[in-house]
Structures are given as structure tokens and as C-alpha cells.
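Results of the structural survey
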Amino acid sequence: MPMIDGAAHLNLVDSSRQLFELDPGAEIEAGDGWVFGAGRSPHPLISNAAFRIDDGLEPARLIARARDFFGARGRGFAVWARTVPKDWDLIEAATEAGLEEAYAMPEMVLEGRAEERPPGEGVQLRRVTSADEAAEYWQVAAAAYASLGFPAEIFAFYERAESLLAGNAAAFLAHLDGRPAAIAMTIVSQGVAGVYWVGVTEQARGRGLGWTLTALAVNAGFDLGAGTASLQASPMGKRLYERMGFETIFDYRLLLCHPPEPGR
């Protein structure tokens, strides 16, 4: 699926940039064939990311510029590379440059609308429409992703709500017995509804909320004009997405460059 491959990747880049803008202290560099984002958190895999957006860009140039950009901030970073032929040179160059594969996740797509399932008893669904609801969204993210080892500080820095409430985005929040319990969102670009930050708090798991919220996000993306939905699946979510009809088209490899040593 070469066209979907490229569009899904560019949606990830666009969406990542839009999410970085939630952090008022983030710095973004859009260069000649790349996008770098450095949030206030030093977390090298999520808050400090390097993307190639021109498949013809020489990988060594990308890596050298990324080292300059993040190194000036004392940061490590991750290069997001795809397991597709057009990124084999990037993976090879990153490996030769000493970057290490730290994480991998499947890129999955769904070509049609998702089956919506009603929530169970005690669940109230709402679309995020205010800064207060956006804050609740990230509170759920912090709680839900703690089981994957994500530090809560990543989400604490998402202080702006504008990107979450933008016209190309739709975010959803579920309350269970009056408490924030589950989330999912979509950001539409490149004709793709990218589904991001799906999460359910530990206390609310096993009630089907992951399916319910993901389907809401997918279908909202189609309503906003997308022709395909895509996501990067966590180990916890992959089987759920397969049941919903998502198919894996490649894997992302997050290639880690450690922060520079002090004094260097």
C-alpha cells in the first residue's frame, strides 16, 4: 500500500507537530526534508522526535542535523523509521551512526468506518470542547500510559488546548461513574484520520471502552473528510485494533540517540 504508507507517515508527522504545539515550551524545526520536535520533557522516545519527510533526503544529513538540534538542548532523541524499502537506508545509516532500536510498533490502517458500540452502564461519553476537558483528557493519558512506562510529565506539559480543539481534530472523553476513565482522539491530514493517545485507566479496563472510544475517533475522522484511518499500536492495543479490522502495513522502529555526555 505505497500511497497509504506515505500518507499515514505524513499524518503522523503533521499530528506530532500539532501535539507538540500543546506544549508552550516545545521547539519545532521544520527543515529541508525533516521535522524535529523537542518538548519540555527530556523523554527521548516521545518528547524528542526526528522525522524524515523527504524520502530522498540523505540519512547522514538528517542524523547530523538532529544531533546538532537536540544536542544543543542536552537531549537524546528518537528517529522514527519505517520498515519499508524507502527507509532501509535510514535504518542502516542510523545503526552505523550508533543509534539503537529502543522500541517498535506496528502502523495499522482501517479503510472503512468502525463499528460503534454503545458504552456500558455508568459511562458518559463527550467530545472534548473546552480547556478543562482537555486537561481531563491528559490526566487519563498519564494514568493509562503509566503501565507502559510513560512518565506522567510528558502529558503534564500539554498546557494549551488549541491544537486539541482545532477544526481538523476530534478528541473524546468517557467518564465512568463521574470520573474521567477513557480517551481517544483523531487528527486529520493527508486524507488520513490519525488516531492517537487511546487510553483507559486501569480501574475502567475490561468494559469495552477502548473499542468505544477508538470507534468514535475513527468515525469522526471520516466525518472530517478522511478516507483512511491509521494508528501506531501499543502491545496492549494491537489485538483490539485487529478485532476492529485494522491491518498492519509496516512497523515503526524508534532509533534512539542518547543525550550527549556532560561537557561534550
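The structure under discussion appears in the preceding block.
Residues numbered from 1 in each chain as written. Predicted model: local features only at pLDDT ≥ 70, side-chain atom pairs only at ≥ 80, totals over all residues. Heavy atoms only, no water.

1. Section: the pairing of strand E7 (residues 169-176)
For clarity, the cut-off: In this scheme, a residue with accessible area under 20% of its type's maximum is buried, one over 50% is exposed, and one in between is partly exposed, where area comes from a 1.4 Å probe on protein chains only. Secondary structure elements follow DSSP: runs of H or I of four or more residues count as helices, runs of E of two or more count as strands, with numbering from the N terminus. Any two strands with at least two DSSP bridges between them are considered paired.
The element E7 is extensively covered by neighbouring structure, given that 8 of its 8 residues are classed as buried. Burial of the side chains of E7 extends over both faces: Ala169, Ala171, Leu173 and His175 are buried on one face and Ala170, Phe172, Ala174 and Leu176 on the other. As paired elements, strand E6 (residues 123-127) and E7 share 5 bridges and run antiparallel to each other. Of the residues in E7, the one forming a bridge with arginine 126 is leucine 173. Two strands pair when backbone bridges link them, and E7 and strand E8 (residues 179-189) are joined in this way by 8 bridges, in the antiparallel orientation. Across the sheet, the residue bridging to leucine 176 is arginine 179, located in E8. Between the antiparallel neighbours E7 and E8 lie 2 residues, among them aspartate 177 with a positive phi of about 50 degrees.

2. Describing the sheet that holds strand E10 (residues 228-232)
As a reminder, the rule being used: Axis definition: a line fitted to C-alpha atoms, over the contacting stretch in the case of helices. Angles run 0 to 180 degrees between N-to-C directions.
The 11 strands lie next to each other as E1-E2-E3-E4-E11-E5-E10-E9-E8-E7-E6, forming an open sheet whose pairing is mixed. Each of the sheet's edge strands pairs with one partner strand only, and the pair in question is strand E1 (27-30) and E6. Neighbour to neighbour, the strand axes of the sheet diverge by 20 degrees on average, direction disregarded. Judged from the 3 bridges that link them, strand E9 (residues 192-200) and E10 form a sheet pairing that is parallel. Within E10, the position partnered with valine 192 by the bridge is threonine 228.

3. Focus on the pattern of salt bridges
We apply this condition: When a carboxyl oxygen of Asp or Glu lies within 4 Å of a side-chain nitrogen of Lys or Arg, that pair is called a salt bridge.
Counted by the stated rule, this structure contains 17 salt bridges. For arginine 40, the salt bridge identified is with glutamate 159, shortest N-O distance 3.1 Å. Of this pair, arginine 40 sits in the loop between strand E2 (34-38) and strand E3 (48-52) while glutamate 159 sits in the loop between helix H5 (153-156) and E7; the two residues are 119 residues apart in sequence, bridging distant segments of the chain. For arginine 40, a relative accessible area of 31% corresponds to the partly exposed category. Glutamate 159 gets classed as exposed once you look at its relative accessible area, which sits at 52%. For lysine 238, the salt bridge goes to glutamate 242, with nearest N and O atoms at 2.6 Å. Within this pair, lysine 238 and its partner glutamate 242 are both found in helix H7 (residues 238-244), separated by 4 residues, close to a single helical turn. Salt bridges sharing common partners tie together Asp5, Arg52, Asp55, Arg82, Lys86, Asp87 and Asp89.

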